[in-house]
Amino acid sequence: MGVSAVVLARDEAVRIAKCLDTLKWCDEIVVLVDDASKDETESIARQYTPHVSRRAFSNFGEQRRFADSLASHEWVLSIDCDEVVSAALAAEVSTTIAQPKHAGYRVPHMDYMFGRWIRHGGWFPQYHTRLYRRSSAKWERTVHELLVVDGSLGTLREPIQHFAHVRVDDWVRKMARYTSAEAEAHVKMGERTSLLRALLEPPGYFIFKYILQRGFLDGAHGLALACLLTAYRSVMHWKWWDLQQNQQGPKESPDCPPRM
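The rules behind each value
Residues numbered from 1 in each chain as written. Predicted model: local features only at pLDDT ≥ 70, side-chain atom pairs only at ≥ 80, totals over all residues. Heavy atoms only, no water. Core = buried A, V, L, I, M, F, W, Y, C linked by side-chain atoms within 4.5 Å. Buried < 20%, exposed > 50% of the residue type's maximum accessible area, 1.4 Å probe, protein only. Helix = DSSP H or I, 4+ residues; strand = E, 2+ residues; numbered from the N terminus. Contact = heavy atoms within 4.5 Å. Pairing = 2+ DSSP bridges. 1 Å grid on protein atoms, 1.4 Å probe; cavity = no way out; pocket = protein on both sides within 12 Å on 5 of 7 lines; lining within 4 Å. Points joined across faces, edges and corners; volume = space filled by probe spheres on them. Nonpolar A, V, L, I, M, F, W, Y, C, P; charged D, E, K, R; others polar. Patch = residues over 30% accessible without salt bridge, like charges linked within 9 Å, V, L, I, M, F, W, Y side chains within 5 Å. Areas by Shrake-Rupley, 256 points an atom, 1.4 Å probe, with all protein chains shown as cover. Salt bridge = Lys/Arg side-chain N within 4 Å of Asp/Glu carboxyl O.

## Observations regarding the nonpolar core
Ranked by internal contacts, the top residues of the largest apolar core, which has 29 residues, are Ile16, Leu20, Leu23, Val31, Ile79 and Leu131. Looking at this core, the elements that each hand over two or more residues are β1 (3-9), α1 (16-21), β2 (28-34), α2 (41-45), β4 (75-80), α4 (87-98) and β6 (104-113). Residues in contact with isoleucine 79, not counting those within four places in the same chain, are Val6, Val7, Leu8, Cys19, Leu23, Val85, Arg130 and Ile160. Among the nonpolar cores identified, the runner-up in size contains 14 residues, and Val143, Tyr178, Leu228 and Leu229 belong to it.

Written as structure tokens, this is what we have:
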């Protein structure tokens, strides 16, 4: 039984070759390039597969649904450009879909950030459903998208190796985009934040990640990650709060003399 590797990409010229090199064993590689991509991502992808398309970005859920629709095999392995599939994971996937017992499979993720593999603070193992029957699954949500599978889920042993945040600069650039998208999604769903929540939730999240989930066991890296996650939550809430204010319209201003 064949498997299609489906990859989303935007301005990933630096990383996409490393990712696609580890997917050559798949029966098909499908790459969907964000139409706003400006570097050599598309031309590099075409060196690995003829199945390369472009699409204007709407939201993450819709982008993944469209990418899956381009696959020709029933089984899909969803991979991002900052991820690598080891030979051990490739072998496990091939063995699993040869005699599948479930409609989808959760795959552990191992994150490499700021120069080391992260083991604590809730980072490892994180499980995400990345191997699934295309006819039984659908991506939901606009940000931090979630795959909903109609059927049972199994769990693989071998992890996807994730290189999302090799440097702190990588984190900050991604944070700017994701906090805006997440804040907009909350507002569109009619959800509201408050000044109290914006003040209290970020430090609470720091305590959760650094102490309760033992991020301190990763030393300085664990502290850096807990602080950056706290910053993420804070920025997202203030963007959310700002969007709420704009929705309410301008406040009535006091009378002032006309401009001359």
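## What about the pairing of β4?
Of all 6 residues in β4, 6 are buried; the element is thus mostly enclosed. Burial along β4 is two-sided: the residues Trp75, Leu77 and Ile79 and Val76, Ser78 and Asp80 are all buried. Here β1 runs beside β4; their pairing, made up of 6 bridges, is parallel. Each residue of the ladder has a partner; that of serine 4, found in β4, is valine 76. In the sheet, β4 pairs with strand β8 (residues 126-133) via 3 bridges, with the strands oriented antiparallel. Looking at the pairing, leucine 77 lines up with leucine 131 of β8.

## Comments concerning unusual backbone geometry
Note the cis peptide between phenylalanine 124 and proline 125, where omega equals -5°. Phi at aspartate 11 takes a positive value of approximately 50°, unusual for a residue other than glycine. Checked against the element boundaries, aspartate 11 lands in the loop between β1 and α1. Taking relative accessible area as the criterion, aspartate 11 reaches 37% and is therefore assigned partly exposed. Backbone geometry at phenylalanine 114 places phi at a positive 60°, although glycine is not the residue there.

## Observations concerning empty space enclosed by the protein
Rolled over the atoms, a probe with the dimensions of a water molecule shows which regions are left empty. Applying the stated criterion across every chain, the model contains 1 cavity of 30 Å³ or more. Put simply, the largest cavity is a space of about 50 Å³. Lining the largest cavity, in full, are Ile118, His120, Gly121, Trp123, Lys209, Tyr210, Gly215, Asp218, Gly222, Leu225 and Ala226. Ranked by residues supplied to the lining of the largest cavity, first place goes to helix α7 (residues 219-248) with 3 residues. Of the residues that constitute the lining of the largest cavity, the class distribution is 5 nonpolar, 4 polar and 2 charged.

## Quick word on a nonpolar patch on the surface
A contiguous nonpolar surface patch, about 520 Å² in accessible area, is contributed by Leu195, Leu196, Leu199, Leu200 and Trp238. Counting residues per element, the nonpolar patch draws most heavily on helix α6 (residues 195-212), at 4 residues. Along the chain, the position of leucine 199 falls in helix α6.

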